[in-house]
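Inside the fold
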Amino acid sequence: MLTRDRTLEVFESALKFSRADEIEVLVSGGRSALTRFANSEIHQNVAETKVTVSVRFVAGRRVGVASSGRTDEGSLRSIAERAGAVARASAAREDWVGLPGPGPITSVEAAYSAATAEATPELRAEGVRAVIAAADLAGVIASGSFSTGIETIAVANSHGIRAAEQRTSAQLLTVHMGPDGGTGYAEACAVDATRIDAEAIGREAADKARASANPVAIEPGDYALVLEEYAVLHILDNLRHLGFSAHA
């Protein structure tokens, strides 16, 4: 995992290889794990650790960016050189106001949970067990996933900014399907994985699967539609990625 000290080492190495007027180094990385289940059985446990280093090279009003997933000195030299080449080949930005200087930074302690950072496959399996038990009681089949992860993000620049933070996240989601065509969906997210009530998520999905049994066909047409909170959430989440920006 990335640490603040290692992040600053990466920055100093990248700075050493750069002749920029201004330079910014963004380092992000983390560890994620996923337990997936289908047909009311766990069938997959996977985990991933990754890191990305991004260098923003500024030459006057020309800006170039390059990234890599490697942090050895040779790769950092290459990133800085590529960012510099991009900057020199780019048109000057008339609206460029320069990289920011240091200022007060408030740490968000509530964004991190040691329980999630240290979550084991056994912890996720216990949550899945509760979801499947609720499905079994309702006579339906459960599928879904339980994920946990920790992310570190750090930024440093030539004006003195040195900042780093960690955050954790956990998500449990499930789809229950009944023998008579009924389906039910439920999910929960939390910073602390131990605060997710897996049994309640299982009961919610199971109840929906039973309540929607024996669906009937309707004629095509315009209908008033009331969306569940989960559906509204996913619509807004897509808009967050695609549309909620200053450029858009």
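Just so it is clear, the model here is predicted, and its values are computed rather than measured.

The next point concerns the overall build of the protein chain. Scanning the protein chain from terminus to terminus reveals six helices and six strands. Along the protein chain, helices and strands appear, N-terminal first, in the series α-β-β-β-α-α-α-β-β-β-α-α. A compact globule built from 248 residues should have a C-alpha radius of gyration of about 18 Å, whereas the protein chain, at 24 Å, is more than 25% larger. Taking the principal axes of its C-alpha atoms as reference, the protein chain extends roughly 70 × 45 × 30 Å. In the protein chain, buried positions account for 35% of the 248 residues. Of all intrachain contacts in the protein chain linking residues separated by at least 6 positions in sequence, the fraction that spans at least 24 positions is 66%. For the protein chain, the exposed surface amounts to about 14,600 Å²; the carbon and sulfur share of it is 54%. Charge-centre separation for the protein chain: the mean point of 24 positive side chains lies 10 Å from the mean point of 32 negative side chains.

Right, let's talk about unusual backbone geometry for a bit. Notably, N39 is not glycine yet its phi reads approximately 50°, a positive angle. If you trace the backbone, N39 turns up in the loop between strand 1 (22-38) and strand 2 (41-59). Given the relative accessible area of 60%, N39 is considered exposed. Of note in the backbone geometry, N214 takes a positive phi value of approximately 55° without being a glycine. Mapped onto the secondary structure, N214 falls in the loop between helix 5 (198-211) and helix 6 (229-242). For N214, a relative accessible area of 56% puts it in the exposed group.

On to the side chain of S40, then. Among the structural elements, S40 can be located in the loop between strand 1 and strand 2. S40 sits in the buried class, given a relative accessible area of 16%.

Mapped onto the fold, E22 is located in strand 1. Despite its burial, E22 pairs with no opposite charge, the nearest such side chain being R56 at 8.5 Å. Only 3.3 Å separates the side chain of E22 from the side chain of W96, close enough to count as a polar contact. With residues near it in sequence (within four places) discarded, E22 still touches R56, F57, V58, W96, G98, L99, S158 and H159.

Looking at the protein chain as a whole, the pLDDT averages 91, with 96% of positions reaching at least 70. The spread of mean pLDDT over the elements of the protein chain runs between helix 1 (residues 4-16), the lowest at 70, and helix 4 (residues 121-138), the highest at 98.

Bringing a nonpolar patch on the surface into the picture now. A grouping of L225, L227, V232, I235, L236, L239 and F244 is seen on the molecular surface, where their side chains present a nonpolar patch of about 670 Å² in accessible area. Its location among the elements puts I235 in helix 6.

The next point concerns the sheet that holds strand 5 (residues 162-177). Read across the open sheet, the six strands follow the order 3-2-1-4-5-6; overall the sheet is antiparallel. Both outer strands of the open sheet, strand 3 (62-68) and strand 6 (183-190), are each paired with one neighbouring strand and no more. Between one strand and the next, the sheet's axes are offset by a mean angle of 15°, whatever the strand orientation. As paired strands, strand 1 and strand 2 are joined by 17 bridges and run antiparallel to one another. Directly across from S32, in strand 2, lies its bridge partner E48. In the packing of helix 2 (residues 73-89) onto the sheet, the strands contacted are strand 2 and strand 3, and the crossing angle to strand 3 comes to about 150°.

If you walk through the whole model with that rule in mind, you get 10 salt bridges. Measuring nitrogen to oxygen at the nearest pair gives 3.0 Å for the salt bridge that ties E24 to R56. Here E24 is found in strand 1, whereas its partner R56 is found in strand 2, with 32 residues between them in sequence. The exposure class assigned to E24 is buried, which follows from its relative accessible area of 14%.

Another point: helix 4. Over its 18 residues, helix 4 extends 26 Å from the first C-alpha to the last, a length consistent with the 26 Å expected when each residue adds 1.5 Å. Taken together, the buried positions of helix 4 are occupied by R124, G127, V128, V131, I132, A134 and A135. What you see down the axis of helix 4 is that its buried residues fit within an arc of 155°, all on one side. Of the residues in helix 4, the exposed ones pointing more than 90 degrees away from the buried face are E122, R129, D136 and L137. Packed against the buried residues of helix 4 are strand 1, strand 2, strand 4 (141-157), strand 5 and helix 5. G139 lies just past helix 4 and shows a positive phi near 75°.

Here is what the cut-offs are and how they apply
- Residues numbered from 1 in each chain as written.
- Predicted model: local features only at pLDDT ≥ 70, side-chain atom pairs only at ≥ 80, totals over all residues.
- Heavy atoms only, no water.
- Helix = DSSP H or I, 4+ residues; strand = E, 2+ residues; numbered from the N terminus.
- Rg over C-alpha atoms; globule rule 2.2 N^0.38 Å.
- Buried < 20%, exposed > 50% of the residue type's maximum accessible area, 1.4 Å probe, protein only.
- Contact = heavy atoms within 4.5 Å.
- Areas by Shrake-Rupley, 256 points an atom, 1.4 Å probe, with all protein chains shown as cover.
- Lys, Arg positive; Asp, Glu negative; His and termini not counted.
- Charge placed at Lys NZ, Arg CZ, Asp CG, Glu CD.
- Salt bridge = Lys/Arg side-chain N within 4 Å of Asp/Glu carboxyl O.
- Polar contact = N/O pair within 3.5 Å; in protein donor to acceptor, adjacent residues only side chain to side chain.
- pLDDT = per-residue confidence, 0-100.
- Patch = residues over 30% accessible without salt bridge, like charges linked within 9 Å, V, L, I, M, F, W, Y side chains within 5 Å.
- Pairing = 2+ DSSP bridges.
- Axes fitted to C-alpha atoms, helices over the stretch in contact; angles between N-to-C directions.
- Expected span 1.5 Å × (residues − 1).
- Arc of directions from axis to C-beta.

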